[in-house]
Amino acid sequence: SFGRVGEELGAQVYLVGGMVRDLLLRQDNFDVDLVVEGDGIAFAREIAAREGCRLRTHQKFGTAVLIFADGFKVDVASARMEYYQQPAALPTVEYASIKLDLFRRDFTINTLAIALNEGSFGELLDFFGGQRDLKDRAVRVLHNLSFVEDPTRVYRAVRFEQRLGFRMGRPTEHLLRSAVRQGFIERVGGNRLFRELELILREPDPWPAIQRMADLDLLKYIHPNLKVDARMPGLVAETRRVVHWYQLLYLHQPCEPWLVFLLSLTARLDDDSMLGMCRRLKVAPRFLDLLCEQRRAAKKVLAGLRRRVRRGTEPKASDLYRMLRPLDSEMLLFLMALGDDSIRQWVGHYLSSLQQVRCELNGHDLERLGLPPGPLFREILDTLLAGRLNGRLHSRDDELALVR
Ligand code: ATP
């Protein structure tokens, strides 16, 4: 119904961006991006009213997000109005507005659009050679100043190249290297850089992109000391394995694999450098705890576990629990990637089972047993949990017997 609503409002509506690219590549992509030649917000309001879906609008940018009941999202943007009044001399005047919108995009493969209005439904617009470059498997910029205009495109180029198995065109790589040499990346705001790094690390296998970043001398903008050393390939590969293992557990606990990859990428940075990186990249406070505080704590935990490996002593389940409990799953997976087989097994055991262990009695039960509430409760409940973890207590009756 997008096209019909567009028609009624007298606006052309186009499907653009990654979905069109991936449609032509026959790859799944569920991000629907629409561009409306006209008032995108009015268009989105009308769709929301008819379909009964939720709507978020950003007046300043002329954009909106439609959120359907099943969580499906559609991004709507307005092709810029000022371009609407182009002199009629332009050859493709009916497309002038969408053409300018597409011209502002990063790479030719992202400039394809499909018309959705009834009269022209399904028509593919290709102003900048996007189809040719999809066929050539090439990432190409639209003009020479593209990387200077927006240096985050440097990271985006690497991401698309590696994700799609494409290669930058030679002039494009040349422009990229020259923009890097001239220091344009330093102008990028930290949070934008971090966002692009996140997108790279969200790829199923970020390793090729990491290597390519090293090859293009892009890692130093994340932190000057960041290097790909001989141990990095093994660590990233191990990270992939543990992340995959964890996903197969289906624990329904929040876990962001890209953060585990970030921990691996930065494993060799010392604490001060890590803090420096987080400051420079304006890392959000919710990540700071994991990347700095927990990372410091985790080093001690790892040292403790390594001592046990050397001595050949298996940690008690309750000791493992006490050591690992303060750490988020991302940090635990990072420890698994860093550790040897024993450590991987211990931390894995914690993640897959110990973490879920609970004792049955709670504070109310203890009160009912006539115990005075206070710090004693915590101690008793901890003892009960330790008993469960170490396999000494198996039931509520076992627990009651111990308390009595
Ligand atoms: P993905 O499959 O990763 O979502 P995508 O192509 O949809 O790929 P997005 O990052 O979601 O990528 O961006 C949506 C569209 O917006 C892109 O197709 C691209 O044309 C455009 N775009 C995004 N960032 C930039 C940028 N820095 N410069 C120019 N165009 C950009």
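Presented here is an overview of the structure given in this document. This is a predicted model, so every value here is computed, not measured.

Rules behind the numbers
- Residues numbered from 1 in each chain as written.
- Predicted model: local features only at pLDDT ≥ 70, side-chain atom pairs only at ≥ 80, totals over all residues.
- Heavy atoms only, no water.
- Core = buried A, V, L, I, M, F, W, Y, C linked by side-chain atoms within 4.5 Å.
- Buried < 20%, exposed > 50% of the residue type's maximum accessible area, 1.4 Å probe, protein only.
- Patch = residues over 30% accessible without salt bridge, like charges linked within 9 Å, V, L, I, M, F, W, Y side chains within 5 Å.
- Areas by Shrake-Rupley, 256 points an atom, 1.4 Å probe, with all protein chains shown as cover.
- Salt bridge = Lys/Arg side-chain N within 4 Å of Asp/Glu carboxyl O.
- Lys, Arg positive; Asp, Glu negative; His and termini not counted.
- Charge placed at Lys NZ, Arg CZ, Asp CG, Glu CD.
- Helix = DSSP H or I, 4+ residues; strand = E, 2+ residues; numbered from the N terminus.
- Near = heavy atom within 4 Å.
- Polar contact = N/O pair within 3.5 Å; in protein donor to acceptor, adjacent residues only side chain to side chain.
- 1 Å grid on protein atoms, 1.4 Å probe; cavity = no way out; pocket = protein on both sides within 12 Å on 5 of 7 lines; lining within 4 Å.
- Sits in = over half its atoms within 2 Å of the grid points.

## Examining the nonpolar core
So, step 1. By size, the foremost hydrophobic cluster in this structure holds 107 residues, and its most contacted members are Leu34, Leu66, Leu291 and Leu324.
So, step 2. Counting 11 residues, the second largest nonpolar core, distinct from the first, contains Tyr14, Ala79, Ile98 and Leu142.

## Some thoughts on a positive patch on the surface
So, step 1. On the surface, Arg306, Arg307, Arg310 and Arg311 cluster together into a positively charged patch.
So, step 2. Within the fold, arginine 307 resides in helix α14 (residues 285-311).

## Digging into the site of the ligand
So, step 1. Close to the ligand lie 16 residues; Arg21, Asp150, Arg153, Arg156 and Arg163 are nearest.
So, step 2. Between the ligand and arginine 156 there is a distance of 3.1 Å, counted from an oxygen atom to a side-chain nitrogen or oxygen.
So, step 3. Contacts to the ligand include arginine 163, whose side-chain N or O atom sits 2.7 Å from an oxygen atom.
So, step 4. A total of 580 Å² of accessible area belongs to the ligand in isolation, and the protein chains cover 76% of it.
So, step 5. More than half of the atoms belonging to the ligand lie within 2 Å of the grid points that define the largest pocket.
So, step 6. Of all the secondary-structure elements, those providing two or more residues to the shell around the ligand are α2 (18-24) and α7 (152-164).
So, step 7. Per element, the largest residue contribution to the shell around the ligand is 6 residues, and it comes from α7.

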